[in-house]
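The chain contents come next:
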Amino acid sequence: MSATTPSNYRTAATAGIASPRLQKSLHGLQNRFGKGAMEIWATMTDQEMRRRVKDARMNTFAHLDIILAELAKNVRTRGGQVHFAATAQDAIAYTLAVAKRHKVNRVVKGKSMTSMEINIDPVLEDAGIEVVETDLGEYIIQLAGDKPSHIIAPCIHLDRNQIGELFEEKLGIDYTNDPPTLTMAARRALREKMLTAEMGLTGCNLACAETGHISLVSNEGNIRMTTTMPPVLVALMGMERVVATLDEHREALQLLTQAAALQKLSTYVSFLGGPAAEDDPDGPKEFHLVIIDNGRSKILADPEFREVLACIRCGACLNICPVYGKIGGHAYNSPYCGPIGGVVTPLLDGINKHADLCKGETLCGACKDICPVENDLPRMLAALRHKLAYGSDLWNTSQHSPAEAYVYSFWKIVIGNPRFFRLMLRTGRFLQRPFVRKNKMVRKMLGFAGGWTKGRDLPPLARQTFAELWKEKYAATRPNPIEGQNEEGN
Ligand code: SF4
């Protein structure tokens, strides 16, 4: 992933805010799915379920090596091949080698955010292999040469008129903005690709160690075809996606579909655990499961951030986040956008490199409330900011902005000393005079403080503080509510 610099974060965020079309889509998304998920949590009869799934996820992480070994053993027993990839390059090299061995010309893909994380498509394409996304949203993004802007609704930033124009240009159909007609056009185009692809490439929503299978949910049926029609199937899986038992798998899957799409269960749920048996009517002849680390071990080893691995990639935190709801997904510069992206992208790809992501969120706590596994993203965003403020050897993080650190160290001294604080207020009131405009607002501040007034006016410091007003009116008779004592210090 390329670095998220202040300029590209702000440019993409500003463009998102300025787009009425995007604002309308995001408002609709949050209004329906954000509110809907909160209603489900509020009314579900089993109020312990989210906590149970979270505990199970965290228990799994405490024995992850053993549980992954069990998963691998059970997949191998059924004839599947398992590869543990320490890095993105390792996973790409393995997948490419499988494709070359089978002289693959076309790969059909589905449900693989991990494939975007490791950026495998350009490597396959450089090797002369056509890569076709089969999830409708991803297919639209691929045709447009665009990037996804939501974890489960990747083309939320495009409306049906734009998709109609895109299909007219790329698929050669007459322009229409009728969703069923557009869907049928994509279906025709994709069916031909699926029938002729030599390899399927998928992700993995969850894997179950006890049974040795992975599961994939979809509402379009593309996953069934992607996983059963090509003779070779490669599934890419982040190593944290495993659960220990089938019972845990069932509950995690239920939470996933409810949080992601307000469904008790997705239209299609595919369980895959190896190549087709001799008496199976269809299915791949070869099944490869690539279990990818790519930075996850480091997260696992740090108790401060381990919790983020419990994420089941439902996208619900995006559907309620006030920041994502305004700037959209492109500003996050990663397949993982929204609050989860603000935590996981820096951890996987460099905290300094993506410093703006954790700084851009508001820490309002809505993402924690909606998260099916109650991930405390605000706490982890604050922890990332702490690393940026003070540096971290463990995370190889340098102090992001020494000037900002000095300002806050100074501020800490100021607010810890009432006399100094009052002196600073008086000085500030005096110094602000030239900046207060006729509307009694500060229109522009200087230097790096200018960022505050770039998009909004700032109320000036009040002529009198609350403590001064209190002193004026009641000091003789009542204690000072701010300092817990009257001005005489009694
Ligand atoms: S952090 Fe929670 S809400 Fe966000 S994608 Fe992950 S599981 Fe879903």
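Visitor: Explain the domain arrangement of the chain here, please?
Guide: In many analyses, interface size is given as the accessible surface area lost on bringing the parts together. One can read the domain layout of the chain as domain 1 (48-294) and domain 2 (402-459). Just the C-alpha atoms count here: the centres of domain 1 and domain 2 sit 51 Å apart.

Visitor: When you look at the sheet that holds strand S4 (residues 199-202) in this model, what are you seeing that I'm missing?
Guide: Sheet strands line up and pair through hydrogen bonds in the backbone, either parallel or antiparallel. With respect to topology, six strands assemble into an open sheet ordered S1-S10-S7-S4-S2-S3, the strand pairing being parallel. The sheet is open, and its two borders are formed by strand S1 (81-85) and strand S3 (130-133), each paired with just one other strand. On average, each strand axis in the sheet is tilted by 20° relative to the strand beside it, whichever way the strands run. Here S1 runs beside strand S10 (residues 286-292); their pairing, made up of five bridges, is parallel. Looking at the pairing, Phe 84 lines up with Ile 291 of S10.

Visitor: What is the right way to read the packing of helix H8 (residues 136-144) against helix H9 (residues 160-171) from this model?
Guide: For any two helices packed against each other, the geometry comes down to the angle between their axes and how far apart the axes lie. One way to put it is that H8 packs onto H9 with a least axis distance of 10 Å and a crossing angle of 65°. Crossing hand, H8 versus H9: left-handed. Contact residues: Ile 140, Leu 143 and Ala 144 in H8; Ile 163, Leu 166 and Lys 170 in H9.

Visitor: Just checking my understanding: could you explain the pairing of S4 for this structure?
Guide: Two faces belong to every sheet, and in a regular strand the side chains alternate between them. Side chains Met 199 and Leu 201 project from S4 onto one buried face, and the interleaved Gly 200 and Thr 202 project onto a second face that is buried too. Alignment of strand S2 (residues 106-110) against S4, held across four bridges, turns out to be parallel. Note that in S4 the partner of Lys 109 across the bridge is Leu 201. Of the pairings in the sheet, the one linking S4 to strand S7 (residues 232-238) comprises four bridges and is parallel in character. For Gly 200, the partnering residue across the bridge sits in S7 and is Leu 233.

Visitor: What's the story with the site of the ligand in this structure? I'm lost.
Guide: Around the ligand, 15 residues are found, and the nearest of them are Cys 311, Cys 314, Ala 316, Cys 317 and Cys 371. Looking at the shell around the ligand, its residues break down into twelve nonpolar, two polar and one charged.

Visitor: What's the story with the nonpolar core in this structure? I'm lost.
Guide: It is characteristic of soluble globular proteins that their nonpolar side chains tend to be buried jointly. If you look at the biggest cluster of nonpolar residues, it comprises 115 residues, and the most contacted ones within it are Ala 235, Met 237, Val 290, Cys 317 and Val 343. Setting aside residues no more than four positions away along its own chain, Cys 317 makes contact with Gly 338, Pro 339, Ile 340, Cys 367, Ile 370, Cys 371 and Leu 377.

Visitor: Sorry, what's going on with the sheet that holds strand S8 (residues 242-243) here?
Guide: An order of S8-S5-S6-S9 is seen for the four strands of this open sheet, with the pairing classed as mixed. This sheet does not close on itself; its edge strands, each paired only once, are S8 and strand S9 (268-272). Pairing geometry for strand S5 (residues 206-208) and strand S6 (residues 213-218), over three bridges, is antiparallel. By the bridge assignment for S6, Cys 208 is matched with His 213. On the sheet, helix H12 (residues 246-261) packs against S5, S6 and S8 and is oriented at approximately 165° with respect to S5.

The rules behind the values
- Residues numbered from 1 in each chain as written.
- Predicted model: local features only at pLDDT ≥ 70, side-chain atom pairs only at ≥ 80, totals over all residues.
- Domains from an automatic or database assignment.
- Pairing = 2+ DSSP bridges.
- Helix = DSSP H or I, 4+ residues; strand = E, 2+ residues; numbered from the N terminus.
- Axes fitted to C-alpha atoms, helices over the stretch in contact; angles between N-to-C directions.
- Left-handed = near helix turned anticlockwise from the far one by under 90°.
- Contact = placed C-beta atoms within 7 Å.
- Buried ≥ 20, exposed ≤ 12 C-beta atoms within 10 Å, placed from the backbone.
- Near = placed C-beta within 6 Å.
- Nonpolar A, V, L, I, M, F, W, Y, C, P; charged D, E, K, R; others polar.
- Core = buried A, V, L, I, M, F, W, Y, C linked by C-beta atoms within 7 Å.

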